[in-house]
Amino acid sequence: MALKTKTAEAHWTSGITRYCRRFGYLQGMRRSLKLMNLINIGVASGLWLLCVSVWAQTAAPVAAPASPRSETAKSARFEDSMAERTRACTACHGDQGRAGPDGYYPRLAGKPAGYLHNQLRNFAQGRRHYELMTRLIDPLSDEYMAEMARYFAALSLPYPPPSASNAISPERLARGQQWVTQGDAARGLPACTQCHGVRLTGVQPHVPGLLGLPLDYLNAQLGAWQTGQRKAHAPDCMAEVVKRIPPEDLIAISSWLARQPLPADTQAAARPPAGPALPAALRCGSAPELPVATKGTP
Ligand code: HEC
Ligand code: HEC
């Protein structure tokens with residue numbers, strides 16, 4: 001056990017170094033690198049302690065085959081124990097998964113379950129990268145990841161008011177809004193709302209909302225698709241979307257999105273909005289329910 005502990009700590013430390021390097025580069029945080037290191041060492045050592053209890057509790061569901069016990073008995077205790085078991089997650093993702101304080105640890109609460117599950121698979125299968133977290137989820141079964149996804153999806157918590165205040169002209173913001181609400185027919189790109197819902201709160205079960213996300217997070221995600229760092233299940237429609245948008249307009253889009261207040265109903269829409277089917281080139285492997293034009297139809 002002592003040996004195991006040492007190896008685990010060595011892994012955390014190298015993970016932290018890599019994390020700081022990547023995030024420093026990606027998100028202009030070079031100057032706070034030293035501070036980040038300290039924070040992360042704090043988080044990591046706290047996490048290690050938490051992990052011990054998490055693994056103790058998750059070992060059974062991960063290793064054991066489906067238990068013959070009644071489903072009702074299981075779900076009666078589900079929420080409480082899940083809140084406990086996901087403490088290692090909320091150390092980074094904020095209390096109940098409401099997001100970390102600095103815009104780098106995304107909110108989990110209330111996002112569509114299928115979307116969250118897909119992301120856990122993406123990290124586990126190398127389509128998204130964040131080593132400290134990947135280590136934590138690597139030993140978990142797919143069914144357990146689905147359970148965690150359902151748990152966070154079911155949490156309904158208020159959103160903070162939008163806080164983006166980067167300098168950008170009203171014309172650029174208007175350009176951002178145009179991409180989001182109208183798309184660009186000449187480039188064969190529908191509005192973001194066509195997939196992310198008219199209220200931009202997402203569409204069940206696989207499409208996330210675009211409001212309530214910090215500017216830094218939005219920029220990092222769109223940038224990651226641009227450089228191939230982030231991928232979704234193939235065909236990856238978001239990679240295609242980002243490819244069709246001039247890079248200077250991506251910041252206009254994220255700046256506009258990060259300034260929008262959330263609507264009263266923050267739940268993801270139950271189904272995709274009515275309207276023309278998506279062009280075949282924008283089929284989403286991660287959200288097969290989105291209607292796509294069959295070959296031959298416009
Ligand atoms: C050490 C910090 C850390 C821990 C611990 C951690 N995460 Fe994460 N998680 C992150 C970061 C950072 C990202 C965003 C990475 C990126 O920019 O792509 C992320 C992204 C995610 C996403 C994608 C969210 C989205 O909206 O796309 C999910 C889902 C997720 N984490 C779930 C979990 C779960 C479940 C656990 C616990 C088993 C966990 N995380 C533990 C830091 C962490
Ligand atoms: C053809 C459908 C489609 C269109 C059009 C589309 N998206 Fe997406 N988007 C998706 C899907 C599906 C996902 C989830 C991908 C995954 O599983 O990783 C996604 C994910 C995202 C995410 C990640 C959210 C998070 O929490 O990490 C961002 C940001 C995003 N889209 C922004 C946009 C913007 C901005 C536009 C318009 C310019 C847009 N999308 C247009 C389908 C679409």
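This text follows the structure it describes.
Residues numbered from 1 in each chain as written. Chains lettered and ligands numbered in written order. Predicted model: local features only at pLDDT ≥ 70, side-chain atom pairs only at ≥ 80, totals over all residues.

A. Seen up close, unusual backbone geometry. Along the chain, glutamine 204 connects to proline 205 via a cis peptide bond; the corresponding omega equals -10°. Tracing the backbone through its elements, the reader meets proline 205 in the loop between α9 (193–196) and α10 (215–227). Residue proline 235 is bonded to the preceding alanine 234 through a cis peptide linkage, with omega at -10°. The residue proline 235 is located in the loop between α10 and α11 (237–243) in this model. Unlike most non-glycine residues, glutamine 96 shows phi in positive territory, near 55°. Following the sequence through the fold, glutamine 96 ends up in the loop between α4 (87–93) and α5 (113–124). (Helix = DSSP H or I, 4+ residues; strand = E, 2+ residues; numbered from the N terminus.)

B. Highlighting the site of ligand 2. Near ligand 2 you find 29 residues, and of these Cys192, Cys195, Ala232, Ser286 and Ala287 are the closest. Looking at the shell around ligand 2, the elements with two or more residues in it are α5, α8 (170–182), α9, α10 and α11. Of the residues contributing to the shell around ligand 2, the split by class is 23 nonpolar, six polar and no charged. (Near = placed C-beta within 6 Å. Nonpolar A, V, L, I, M, F, W, Y, C, P; charged D, E, K, R; others polar.)

C. Molecular detail of the packing of α5 against helix α7 (residues 142–153). It is at 8 Å that the axes of α5 and α7 come closest, and there the two elements cross at 140°. Regarding the angle of α5 to α7, the classification is oblique. Handedness of the α5/α7 crossing: right-handed. Each of Ala113, Leu116, His117, Leu120 and Arg121 in α5 lies in contact with α7, whose residues at this interface are Met145, Ala146, Ala149, Arg150, Phe152 and Ala153. Broken down by class, the residue content of the contact of α5 with α7 amounts to eight nonpolar, one polar and two charged. (Axes fitted to C-alpha atoms, helices over the stretch in contact; angles between N-to-C directions. Parallel < 35°, antiparallel > 145°, perpendicular 65-115°, else oblique. Left-handed = near helix turned anticlockwise from the far one by under 90°. Contact = placed C-beta atoms within 7 Å.)

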